[in-house]
Amino acid sequence: AEAFDRDDPALMCEELGDMLMQVLFNIHIEEDAGRFTTDDVTDHICKKLIFRHPHVFGTAAADTSEEVLVNWEALKRQEKGQQTTADAMDAVARSLPALWRADKLQSKAARDGFDWPDISGALDKLDEETAELTDVMAHSGVMVDLSPIPGIKVDKHSTGGVGDKTTLVIAPIVAACGVKIAKMSGRGLGHTGGTIDKMESVPGTKTALSQEEFFAQVNKIGLSVIGQSEGIAVADKKMYALRDVTATVSCIPLIASSIMSKKLASGSDAILLDVTTGTGAFMKTVDQSIELAKLMVSIGTHHGRRVAAMITDMDTPLGHNIGNSLEVMESMDVLKGHGPADLTEVCLQLAANMLVLADKGTPAECRAMAEAVIADGSAFAKCKEMFAAQGGDTRVLDDYSLFEKPAASYELLAEEDGYIVANDAEKIGSASVLLGAGRQKKGDPLDFAAGITLHKKRGDYVHKGESLATFYGAADKFDAAAAEYRSGLVYGPEKPEEAPLVYALVTKDGVERY
């Protein structure tokens, strides 16, 4: 380097002599050891020059020095068996001084398409690399093969919320319409409930089935919902632990890869994502939710799955009931045709979009199919069939008095007259956890009968002393739960603007806002 800087031929001659001495010295050491000769080295250099310069020794064209470099890198990767950018980066010697190694990595990255004139190229590459990360995470554990189940299998995932009991409604609806549902669901943690906990509030219900039992049930009745296997996307837990200590829990690409790695590993052909938004959801704004939805749809499409996402409201809990057996009761009400209007509408839209993904018809036709199986009772019958197949006592689905009874109840009363202008859904969910309906940490026991029934929701007018909600659970937990609930409650003189139940539909073709 000094010889170049000084433009000193004599010094350059000296330095090159030193290099040549090192080369010849090492060749003679290898020659004495019987590993290779000077002729072998010369032959290798000649073959490399010929192979990496097809514009000189072959018919390839390269009109600029940049094209020569691009060809060189591509042929070098081919020669060394480097199939991905990561392989090329790994080939840079880790023993190099840090700045030198960083410079070589940057140079390789630029030649491999990591050099863009504007931000759009970088964002496209981020999406591509997020898809690659998702694939690695999915393959870190068991990849479920659903091919023994004929036909299109459709899955659904919700990013979580309060009173989010939609799986118990839409899975039987879609199955009753002739689409196979082989679904793995999770348990609740924090203010967000879990489908498996709700199912297990039905006495006798088994949510841990062998793969053979799982497949057999879906092939026989078209529907099974079981607990997620510990072997699915095992890298996700390690990644989450790293996110937790590096302040990246809220990083949207990492959220997307976490969700989609498990969905891809679960094996369904099509996936509908319910991305909730608002105070009771992980994503607090519609724009954030759409950003997450677009990335997850892109990842699924990249991996050959049919994927769509609905952006649904979670500023207010869905329906009126929060808690395990309470939510099962309300879900059965929807399937019987007399459930809460908000829960029924969201479930019909989710079910219709799942049917569209299964090629059952246009959105309007699929909506009509979903409404029809509720009206004729076949969706409720399918739900009972699923619980019966998994050992559940289906009598409770008809007669709610047979569910486990709560230890006590408590009426939460309005403290003043006015409209409810805010009723923080996360606070309501946290209050239900304090009552015993959810877990503050993994492994906490659940009280299946505990929970909350809402009598008044955001936008309703209340009079002082009127019941806002009924709490169920142990009496000694009511005060703490009431304080938590009230901390998110705001009264006002004006009726707040009504929020839409569904904000947007995201598909591979774009975003349709409602």
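It should be noted that the structure appears before, not after, this text.
Report follows, based on the coordinates. (Residues numbered from 1 in each chain as written. Predicted model: local features only at pLDDT ≥ 70, side-chain atom pairs only at ≥ 80, totals over all residues. Heavy atoms only, no water.)

**Structural notes on the packing of aromatic side chains**
Under the criterion given, the structure shown has 5 aromatic pairs. Seen in terms of ring centroids, Tyr419 and Tyr461 are 5.0 Å apart; in terms of plane orientation they differ by 80°. Their pairing is edge-to-face. With a gap of 42 residues between them, Tyr419 in strand 8 (residues 418–423) and Tyr461 in strand 10 (residues 461–462) connect regions that are remote in the sequence. Taking relative accessible area as the criterion, Tyr419 reaches 22% and is therefore assigned partly exposed. On the accessibility criterion, Tyr461 (36% relative accessible area) is partly exposed. A centroid spacing of 5.9 Å and a plane angle of 55° characterise the contact between Phe471 and Tyr485, whose relative ring orientation is tilted. Of the two residues, Phe471 is situated in strand 11 (residues 467–473) and Tyr485 in helix 21 (residues 478–486); the sequence distance between them amounts to 14 residues. Classification of Phe471 by relative accessible area gives buried; the value is 0%. Taking the relative accessible area as the measure of exposure, Tyr485 reaches 1% and is therefore buried. (Phe/Tyr/Trp six-rings, centres within 6.5 Å; stacked < 30°, edge-to-face > 60°. Helix = DSSP H or I, 4+ residues; strand = E, 2+ residues; numbered from the N terminus. Buried < 20%, exposed > 50% of the residue type's maximum accessible area, 1.4 Å probe, protein only.)

**A few points about the nonpolar core**
Ile173, Ile452, Phe471 and Tyr485 are the most contacted members of the largest nonpolar core, which has 78 residues in total. Examining the composition of this core, we find that 10 residues originate from one element, helix 16 (residues 341–357), more than from any other. Apart from the residues lying within four places of it in its own chain, the contact partners of Tyr485 are Leu412, Asn423, Lys427, Ile428, Ala431, Ile452, Leu454, Lys456, Leu468, Ala469 and Phe471. Core analysis: the second largest hydrophobic core is formed by 38 residues, Leu264, Ile271, Met283 and Ile290 among them. (Core = buried A, V, L, I, M, F, W, Y, C linked by side-chain atoms within 4.5 Å. Contact = heavy atoms within 4.5 Å.)

**Examining the sheet that holds strand 14 (residues 510–513)**
If you walk across this open sheet you meet the 5 strands as 1-4-5-13-14, and the pairing is mixed. Both edges of this open sheet fall to strand 1 (154–158) and strand 14, since each of them pairs with a single strand only. Geometrically, the sheet is characterised by an average inter-axis angle of 15° between neighbouring strands, direction not taken into account. Across 4 bridges, strand 5 (residues 306–313) lies against strand 13 (residues 502–507) in antiparallel orientation. The residue of strand 13 that forms the bridge with Thr312 is Val502. (Pairing = 2+ DSSP bridges. Axes fitted to C-alpha atoms, helices over the stretch in contact; angles between N-to-C directions.)

**Quick look at the state of the cysteines**
Under the counting rule described, the total for this entry stands at 0 disulfides. Free cysteine: Cys366, not disulfide-bonded; nearest cysteine sulfur from Cys177 at 8.0 Å. A residue is classified by how much of its surface remains accessible, and Cys366, at 0% relative accessible area, is buried. (Disulfide = S-S within 2.5 Å.)

**Thoughts on the pairing of strand 14**
Of the pairings in the sheet, the one linking strand 13 to strand 14 comprises 4 bridges and is antiparallel in character. Residue pairing for strand 14: Leu505 is matched across the bridge by Glu512. If you look at the hairpin formed by strand 13 and strand 14, you'll find 2 residues sitting between the two strands.

**Focus: the side chain of Lys262**
If you trace the backbone, Lys262 turns up in helix 13 (residues 252–265). If we skip the residues at most four places from it in the chain, Lys262 touches Gln228, Ile232, Ala233 and Asp236.

**Examining the pattern of salt bridges**
A complete count under the given rule lists 24 salt bridges for this structure. The shortest N-O distance in the salt bridge between Asp155 and Lys263 comes to 3.0 Å. One end of the pair, Asp155, is in strand 1; the other, Lys263, is in helix 13, with 108 residues separating them in the sequence. Asp155 sits in the buried class, given a relative accessible area of 0%. Residues joined by salt bridges that share partners form a network here, namely Asp155, Lys183 and Lys263. (Salt bridge = Lys/Arg side-chain N within 4 Å of Asp/Glu carboxyl O.)

Read these as geometric descriptors, not functional statements.
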